[in-house]
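# Examination of the molecular architecture
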Amino acid sequence: KQWYQRRVAITAGDVAIRGRLLRGIVRSTKMKRTLTIRRDYLHYIKKYNRFEKRHKNISAHVSPAFIDVKAGDTVLIGQCRPLSKTVKFNLLKVITTAGDDKKKFSKF
């Protein structure tokens, strides 16, 4: 809990992080201070007794403390109050810096 409070104070500013903490792969950094993050998951189809691949794109705010975030990085984001129409998450931590496959399904 203490790591969480210290880290939020540094990266999120005055915005309180509450709710979900999610992990995803950075897909795009084209917007100013905003990232697009891709989250992959498997959805079970009962009729066919199999899984199908699905994904969601989430927009997250990036504070100026994270300068070197680029496409392909794995990041941790935290839910906060709505900052705009699509941005409801804030970047908390860059977990790994990765390679070229930003659109690859990451479960396999």
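Described in the following lines is the structure provided in the data block. (Residues numbered from 1 in each chain as written. Predicted model: local features only at pLDDT ≥ 70, side-chain atom pairs only at ≥ 80, totals over all residues. Heavy atoms only, no water.)

### Focus on the sheet that holds strand β2 (residues 34–45)
Going by this rule: DSSP bridges decide pairing: two strands pair if at least two such bridges lie between them. Put simply, DSSP H or I for four residues or longer makes a helix, DSSP E for two residues or longer makes a strand, and each gets a number counted from the N terminus. Each axis is a line fitted through C-alpha atoms, and for a helix only the stretch in contact is used; angles between axes span 0 to 180 degrees, taken between their N-to-C directions.
Here five strands make up a closed barrel; going around it, the order is β1-β2-β3-β5-β4 and the pairing mixed. Averaged over all pairs of adjacent strands, the angle between strand axes in this sheet comes to 50°, irrespective of strand direction. Both strand β3 (residues 50–61) and strand β5 (residues 87–96) contribute to a ladder of three bridges, which runs parallel. Paired with Ala60 across the two strands is Phe89, which belongs to β5.

### Some points on the environment of Ser28
Structurally, the position occupied by Ser28 is in strand β1 (residues 21–31). With 42 residues separating them along the chain, Ser28 and Lys70 place their C-alpha atoms 7.6 Å apart.

### Side note on unusual backbone geometry
Even without glycine at this site, Arg33 takes up a positive phi of about 60°. For Asn49, which is not glycine, the phi torsion reads 55° and is therefore positive. The topology assignment puts Asn49 in the loop between β2 and β3.

### Let's talk about the nonpolar core
As a reminder, the rule being used: In these notes, a set of buried Ala, Val, Leu, Ile, Met, Phe, Trp, Tyr and Cys residues joined through side-chain atoms within 4.5 Å is what counts as a nonpolar core. The cut-offs for exposure are 20% and 50% of the maximum accessible area for each residue type, with area from a 1.4 Å probe on protein chains only; residues under the lower value are buried, those over the upper are exposed, and the others partly exposed. Every residue pair with non-hydrogen atoms within 4.5 Å of one another is taken to be in contact.
Grouped together as the largest cluster of nonpolar side chains are 13 residues, with contacts concentrated most on Leu35, Ile37, Val69, Val75, Ile77, Phe89 and Leu91. Elements with a contribution of two residues or more to this core: β1, β2, β3, β4 (74–79) and β5. Not counting chain neighbours up to four residues away, the residues in contact with Ile37 comprise Gly24, Ile25, Val26, Arg27, Lys56, Asn57, Ile58, Ala60, Val75 and Ile77.

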